[in-house]
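Residue strings, one per chain:
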Amino acid sequence: MWIVGGHAFSYSGFPIVLSYDLRSSSWTRLKPIHIPFYPRYGHSAAIYEDSIFMYGGRTEQLAGNVTDELWVFDIPKRTWSIRVPKTSKLHRKYAAVGHTAHIVEISRRDPVMLVFFGHNPVFGYLSNIQEYNLNTNEWQILETHGALVRGGYGHSSVYDPVKHSVFVHGGCKYFVVNHSSFTDDLYRFDVLKASWTVLKSSGFPRYLHSAVIIGGAMLVFGGNTHNDTSVSMGAKCFSADFMAYDIECDVWYNLPSPELHLYKDRFGHSAVAVNGSMYVFGGFNSLILHDLLVYTPKTCGGLTDPQSCRRAEKGLHCVWNASRCLPLDSALKGNSDVCNSSQVSGDKGCRRYPDCSSCLSSDTGCTWCGDACLQNVENCTESVVENADKCVLRGEDVCAKMTSCMSCVNNLSCQWDSKKHQCTLVPDHTCGDGWDRVGDSCFRINVSEVNYDDARMDCIRHGGMPASLITPQEMQHVLSSLRALESNNLMPWVGLRSRNISFWSWEDSSPFVNSSALQWEPHEPSGSGFCAVLSRPSEGPWLKALTCTDKAHGSVCKKLIVNPSQTSRNCQLPCASRTSCSECATSGDCMWCSNTRRCVDANAYVISFPYGQCMEWHMQGKCPPESCAGHRTCEQSFQQPACGWCNDPSKTGKGQGMEGSADGPVSINGSQAQLNMSLCPRDQGFTWHFIQCPPCQCNGHSSCVNNSACENCQDLTRGPNCEMCMAGFFGDSVNGGSCQACKCNNHATECNPQTGTCYCTTKGIKGNHCQECDVDNKYTGDPKKGTCYYPLMVDYQYTFTLTQEDDEHYTSINFKTMPEELSRDLEVSIDTSKSVDMNITWSPGSLYGAVTGEEMLIVTKTNIRSYKESFSSEKYDFRGNPNITFYVYISNFTWKVKVQIAFAQHSSFMDLVQFFITFFSCFLSLLLVAAVVWKIKQSCWATRRREQLMREMQQMASRPFASVDVALQGDDEPPDLVGGSMKSCLQPIAIEPCFGNRAAIYSVLVRLPRGHGTSPPPGQSGLALASALVDISHRKPMECKEKVAAVRNRKQQVPSQPGTCV
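These figures come from a predicted structure and were not determined experimentally.

Visitor: Tell me about the state of the cysteines, residues and numbers included.
Guide: Here the structure, examined in full by the defined rule, presents 24 disulfides. A disulfide bridge connects C399 with C414, and the sulfur atoms are separated by 1.9 Å. Taking the torsion about the sulfur-sulfur bond, which here is approximately -85°, the covalent link between C399 and C414 counts as left-handed. Of this pair, C399 sits in helix α4 (residues 395-400) while C414 sits in strand β35 (residues 414-417), and the two are 15 residues apart along the sequence. Relative accessible area serves as the criterion here: at 1%, C399 is assigned to the buried category. Covalent S-S linkage joins C531 and C548, the inter-sulfur distance amounting to 1.9 Å. Linking C531 and C548, the disulfide has an S-S dihedral of approximately 90° and is accordingly described as right-handed. On the criterion of sequence distance, the pair formed by C531 in strand β43 (residues 531-534) and C548 in the loop between β44 (542-546) and β45 (552-560) is long-range, its members being 17 residues apart. In this structure, C531 and C548 share a single accessibility class: buried.

Visitor: Explain the pattern of salt bridges to me, and be specific about the residues and the numbers.
Guide: Side chains bearing opposite charge may pair, as long as their charged atoms lie close to each other. Applying the stated criterion across every chain yields a total of 15 salt bridges. E248 serves as the salt-bridge partner of K163, at 2.9 Å between the closest nitrogen and oxygen. Of this pair, K163 sits in the loop between β17 (156-160) and β18 (165-169) while E248 sits in the loop between β25 (242-246) and β26 (251-255); the two residues are 85 residues apart in sequence, bridging distant segments of the chain. Its relative accessible area of 29% is what places K163 among the partly exposed residues. Counted as one network, the salt bridges with shared partners bring together R444, D458 and R461.

Visitor: Account for the sheet that holds strand β74 (residues 1023-1031), naming residues and giving values.
Guide: With antiparallel pairing, the three strands of this open sheet are ordered in space as β72-β73-β74. Both edges of this open sheet fall to β72 (990-993) and β74, since each of them pairs with a single strand only. In this sheet, neighbouring strand axes are inclined to one another by 20° on average, regardless of whether the strands run parallel or antiparallel. Summarising the sheet, β72 and strand β73 (residues 999-1007) pair through four bridges and their orientation is antiparallel. Within the sheet, the bridge partner assigned to I991 lies in β73 and is Y1002.

Visitor: Requested: an account of the environment of F609, with residues and values cited.
Guide: Structurally, F609 is set in the loop between α9 (605-608) and β48 (617-618). Owing to a relative accessible area of 7%, F609 belongs among the buried residues under this scheme. Along the backbone, F609 and T596 are 13 residues apart, and their C-alpha atoms lie at a distance of 10.0 Å. Setting aside anything within four residues of it in sequence, one finds F609 in contact with C593, T596, R598, V600 and C614.

Visitor: Talk me through the environment of S667; I want residue IDs and the actual numbers.
Guide: In this structure, S667 sits in strand β51 (residues 664-669). For S667, a relative accessible area of 27% translates into the label partly exposed. Sequence separation between S667 and S678 is eleven residues, and the spatial gap between their C-alpha atoms is 9.9 Å. With residues up to four places along the chain from it excluded, the contact list for S667 reads Q672, A673, Q674, N676 and L679. Among the polar contacts listed, one links the side chain of S667 to the side chain of N676, at a separation of 2.7 Å.

Visitor: Go over helix α6 (residues 452-461), please, and point to the residues and values.
Guide: Taken as a whole, α6 has its buried residues at Y452, A455, D458 and C459. Looking straight down α6, one finds that the buried residues subtend no more than 120° of arc, so they occupy a single side. Buried-residue contacts for α6 involve β38 (441-450), β39 (465-466), β40 (493-498), β43 and β45. Backbone nitrogen of D453 and a side-chain oxygen of the N-cap are separated by 3.3 Å at the start of α6; the cap is N451. Trailing α6 by a residue or two, G463 shows a phi angle of about 85°, which is positive.

Visitor: Summarise the pairing of β51; cite the residues concerned and give the values.
Guide: Residues in a regular strand project their side chains so that they alternate between the two faces of the sheet. Here strand β50 (residues 655-661) pairs with β51 via two bridges, running antiparallel. Following the sheet pairing, G660 is matched in β51 by P665. A loop of two residues connects β50 with β51, the two strands running antiparallel in sequence. For β51 and strand β52 (residues 672-675), the ladder comprises four bridges, and the chain directions are antiparallel. Looking across to β52, one finds that S667 is bridged to Q674.

Visitor: Account for the nonpolar core, with residues named and values stated.
Guide: Counting 42 residues, the largest nonpolar core has F815, M838, V888, I890 and I901 as the members making the most contacts within it. The greatest single-element share of this core, amounting to seven residues, is contributed by strand β66 (residues 826-843). Residues in contact with I890, not counting those within four places in the same chain, are T811, S812, I813, N814, F815, I830, V836, D837, M838 and V899. Within the second largest apolar cluster, 28 residues are counted, among which are I129, A194, L360 and C373.

Visitor: Tell me what's going on with a nonpolar patch on the surface, and back it up with residues and numbers.
Guide: The grouping of F915, F916, F919, F920, F923, L924 and L927 at the surface amounts to a nonpolar patch, some 720 Å² of accessible area in total. Along the chain, F915 turns up in helix α11 (residues 912-957). For F915, a relative accessible area of 40% corresponds to the partly exposed category.

Visitor: So what's going on with the sheet that holds β52? Which residues, and what values?
Guide: In space, the five strands of this open sheet follow the order β52-β51-β50-β49-β53, with antiparallel pairing throughout. Of all strands in the sheet, those with a lone pairing partner are β52 and β53 (687-689), marking the two edges. For this sheet, the mean angle separating the axes of adjacent strands, direction not counted, is 45°.

Visitor: With reference to specific residues and values, describe the packing of aromatic side chains.
Guide: The full count for this structure, using the stated rule, is 50 aromatic pairs. Judged by centre distance (6.3 Å) and plane angle (85°), the rings of F9 and F284 are edge-to-face. In this pair, F9 sits in the loop between β1 (2-4) and β2 (17-21) while F284 sits in strand β28 (residues 277-284), placing the two residues 275 residues apart along the sequence. Classification of F9 as exposed rests on a relative accessible area of 57%.

Visitor: Help me get a handle on the environment of H747, residues and values and all.
Guide: Among the structural elements, H747 can be located in the loop between β59 (739-741) and β60 (765-766). For the pair formed by H747 and Y759, sequence separation is twelve residues and the distance between their alpha carbons is 8.4 Å. Contact partners of H747, with chain neighbours within four places excluded, come to Y759, C760, T761, T762, I765, C770, P783, G786 and T787. Among the polar contacts made by the side chain of H747, one reaches the main-chain carbonyl oxygen of G786 at a distance of 3.0 Å.

Visitor: If you had to explain helix α7 (residues 472-484) to someone new, which residues and values would you point to?
Guide: In this model α7 runs 18 Å from its N-terminal to its C-terminal C-alpha over 13 residues, within 8% of the 18 Å that 1.5 Å per residue would give. Buried residues of α7: E474, M475, H477, V478, L479, S481 and L482, and no others. Buried residues along α7 sit in contact with β37 (436-438), β38, β43 and β45.

Visitor: Tell me what's going on with the pairing of β35, and back it up with residues and numbers.
Guide: As defined by bridge partners, β35 adjoins strand β36 (residues 422-425) across four bridges and the pair is classed as antiparallel. Note that in β36 the partner of Q415 across the bridge is T424. The turn joining β35 and β36, which pair antiparallel and follow one another in sequence, is formed by four residues; a positive phi near 55° is taken by H421.

Visitor: An account of unusual backbone geometry is needed here, citing residue identities and associated values.
Guide: Of note, the amide linkage connecting E524 to P525 takes the cis form, showing an omega dihedral of -5°. Following the sequence through the fold, P525 ends up in the loop between β42 (519-520) and β43. The backbone phi angle of N137 is positive, close to 60°, even though this residue is not glycine. Position of N137 relative to the elements: it lies in the loop between β14 (129-133) and β15 (138-141). The exposure class assigned to N137 is buried, which follows from its relative accessible area of 17%.

Visitor: An account of the side chain of S407 is needed here, citing residue identities and associated values.
Guide: Note that S407 resides in helix α5 (residues 405-409). Side-chain polar atoms of S407 contact the backbone oxygen of F123, separated by 3.5 Å. In terms of polar contacts, S407 uses its side chain to reach the backbone carbonyl oxygen of S404, at 3.0 Å. With sequence-adjacent residues up to four places away left out, S407 is seen in contact with F123 and M402.

Visitor: Outline the side chain of R40, listing residues and values.
Guide: The topology assignment puts R40 in the loop between β3 (26-27) and β4 (44-48). Residue R40 is classed as buried on the basis of its relative accessible area of 3%. Within polar-contact distance, the side chain of R40 engages the backbone oxygen of Y38 at 3.1 Å. There is a polar contact of 3.1 Å between the side chain of R40 and the side chain of E69. The residues contacting R40, other than those within four sequence positions of it, are G5, G6, M54, G56, R58, T59, T67, E69 and W71.

Analysis parameters
Residues numbered from 1 in each chain as written. Predicted model: local features only at pLDDT ≥ 70, side-chain atom pairs only at ≥ 80, totals over all residues. Heavy atoms only, no water. Disulfide = S-S within 2.5 Å. Helix = DSSP H or I, 4+ residues; strand = E, 2+ residues; numbered from the N terminus. Buried < 20%, exposed > 50% of the residue type's maximum accessible area, 1.4 Å probe, protein only. Salt bridge = Lys/Arg side-chain N within 4 Å of Asp/Glu carboxyl O. Pairing = 2+ DSSP bridges. Axes fitted to C-alpha atoms, helices over the stretch in contact; angles between N-to-C directions. Contact = heavy atoms within 4.5 Å. Polar contact = N/O pair within 3.5 Å; in protein donor to acceptor, adjacent residues only side chain to side chain. Arc of directions from axis to C-beta. Core = buried A, V, L, I, M, F, W, Y, C linked by side-chain atoms within 4.5 Å. Patch = residues over 30% accessible without salt bridge, like charges linked within 9 Å, V, L, I, M, F, W, Y side chains within 5 Å. Areas by Shrake-Rupley, 256 points an atom, 1.4 Å probe, with all protein chains shown as cover. Phe/Tyr/Trp six-rings, centres within 6.5 Å; stacked < 30°, edge-to-face > 60°. Expected span 1.5 Å × (residues − 1).

Read these as geometric descriptors, not functional statements.
Next comes the structure, spelled out in structure tokens:
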């Protein structure tokens, strides 16, 4: 096993080449090998026959430059040689670091070395494959097919000779603006077809890990799982994670972490697979490691039955073949069914594929529908693509993979957006398919039924926004296009939205104004919605307000015609080519590392110093002095060991930092330093300080009292050492610097003491010099000539809460309004949470906030918290001055204040017609409501009565029934036939007990009087049935017994019969 290069804290005595004998398990002592190149790390090494090919990497000795050198180590001769490729415009290569390489032999072709991905300091993250032909000594960028993969730094890759494929996992990649992150992606590259396929991701992002293939499984170990620029969610910088990927079944497994010594966690190590074992060497875990770890998995040959063979441990894929258990790579030769249904990957996240090629090149069975990747083709309503060969390569997908300006402009179809720091597709001079050109804009009409948010997203996907219809030509084109669609149901969304209760503006922030080309429908906007649609084509150019969540038929999109700018093809000097902090930190895209003196790309900072080499970094103009002369004070000079301070003869703390020692200042000539007292001549009153600063430190603006305290700072300065400018002035007063007055157009009393940025005191005025109004928040005016105002609508109440940190310096706010009804008086109402001063003026007219006539004072108040007043329409002649404007100035308040202000115009007399119409409308409405309520009440009562009757009927039906035979005493029958005398014992024929068995209803037969006759009158029975409610809780034992002959077929009374009477 050969180990070449790597990172070290010190390369003094560092062995560039190591050899380990796997048979004897010992390190080989090599004779001294001449190394003709600088040490490096992040390179790749691939062995072919008796040679090791080392490509690229980063060299610390050359200011961290990334190289494109290809060195070849002859193993038998122990010599290094460089391969200088043939120069050709068609054959090029990229210097790379953090890449991987494999040498493969393809049938009927020369052996080639494939270099995968990596990072280039000029071209950013590389997403291509560089191919080097070992026989012809030529480089080329390999043309690939299939999925559009995204390359990165620090990934792992392994070559599977069985499948002729390279598997690439993880790495640090660039995704969004100034943001790189680790990934868990897994790609497969078919070297025979030169095509990419996206496989199942591992679920554990990482970079600088290692991977090998043993027995049909890819084993992944270690790596860095924590991004230094993000909040850790349990991820570790040094990981001992151990995972296995089943190549045949597309399944990931987590394996037990190695049970080793303390230093098993690591990243930046290397690994190889030999004779069924995985060898891991070195790595980094805050220390440079030099140990060797060996992992030997179990073998399939030791499993003797089919069940144990199929259930082999994770990471070991075995297949039972006839009478023995074989590893996967051997079983594939005669067995195609090697995966159980439970092993097959279930990763069906089709929507994660952003382009057609990646969607259809994956093994998830996805389908490309329109411009999205779907799992279920039945949900697709657009054109369906099921074969990757039929995918149309979109230019925006190609440009999105370019992560730097240089790589972007090399593609003529792409351009670099310096503001967004991303590569975009060059827009066409024409609008494109589906768009119509009108002037300098393009319009597109969608006929789908969508809500506003979906309509907006549809416009964005096609490169536009919901349309703002500004000119009559645009409105006429949209109307004619809608009529041409021959559908009168279209009411499409347009880009008009309500910003507050009374202000509507287009999506491009331009205000909406009613015009002859486009205006609101009568009684609109009604307040029922905050988004707008066009009326039907047959109704004319009208607008209607709808709720944004409602669905409307259609939408109108708009985009501008943008010609490719020449500046978008001109790139700034790459960060890696900048050699000083002042040159590096001028761009927000670059970062300067002081101790390594390197300038790196901000989105590649993590991978530029993977082992913590950078101790201190600077950006955006914050650079340390490059020499002692750059230190402005004695204290700053003493922070550098080689710097001293030459004090000025004025003894006011003014002086200069110089290179020197305790003996005095020195002159530096190359690497030589020589004492030179003439740089700080003592005979002229200068004094040299190297150990302790002089006691008086007033920066040249004052003398000291008792050699310690500065007295009466001059030159517009202040502070204990006169180190700051006075309030209202700015500059750098350190070491004799000057101050100048703040330039704030009379709208601020203070500014930033260093930069001069004004702290504007009037709400609505902004800018470094308080030179403009905050038009984004609807303030208008001209602060250079006057001030800024917030326009108020009549009959609305406004509340301004100045409590944020940005409002700290505000002491005033201004308003203006214009009466809407020229025949009504104007009332104003003001309430504040703190005492304020107030002035109200009026002017015959104004234009966009710039006063055209002289303002006339109406009211002046001081120290008030509430104010109300009415301005007569006759006194101020509203009719004679149709543009009359009232101004309110509220001032002299402190931070954290709330202001409520309202202007109103109420009618001066009662409109009787309107009153009666309103009264009777309300009365009739109330009557109608009462009738409806009464009707509902009657229906409820009827329903309740029906339910009660039903319950009573059910109750009656639940009563017990029985038949009773009664023997009546005749004249010729003895009395004992009925059990004795009828008067001696009265027995009921029925007993109906009530609930609780304490009362009952007794039913008895009563013989009616017959008079003198022995028979009842004709037509009568002479009998009657009588019932009575009796108390049976204290019933005594019966004194007489029934005789069997008296009652023959009567049922026995059930004592526990539930009561049914009420």
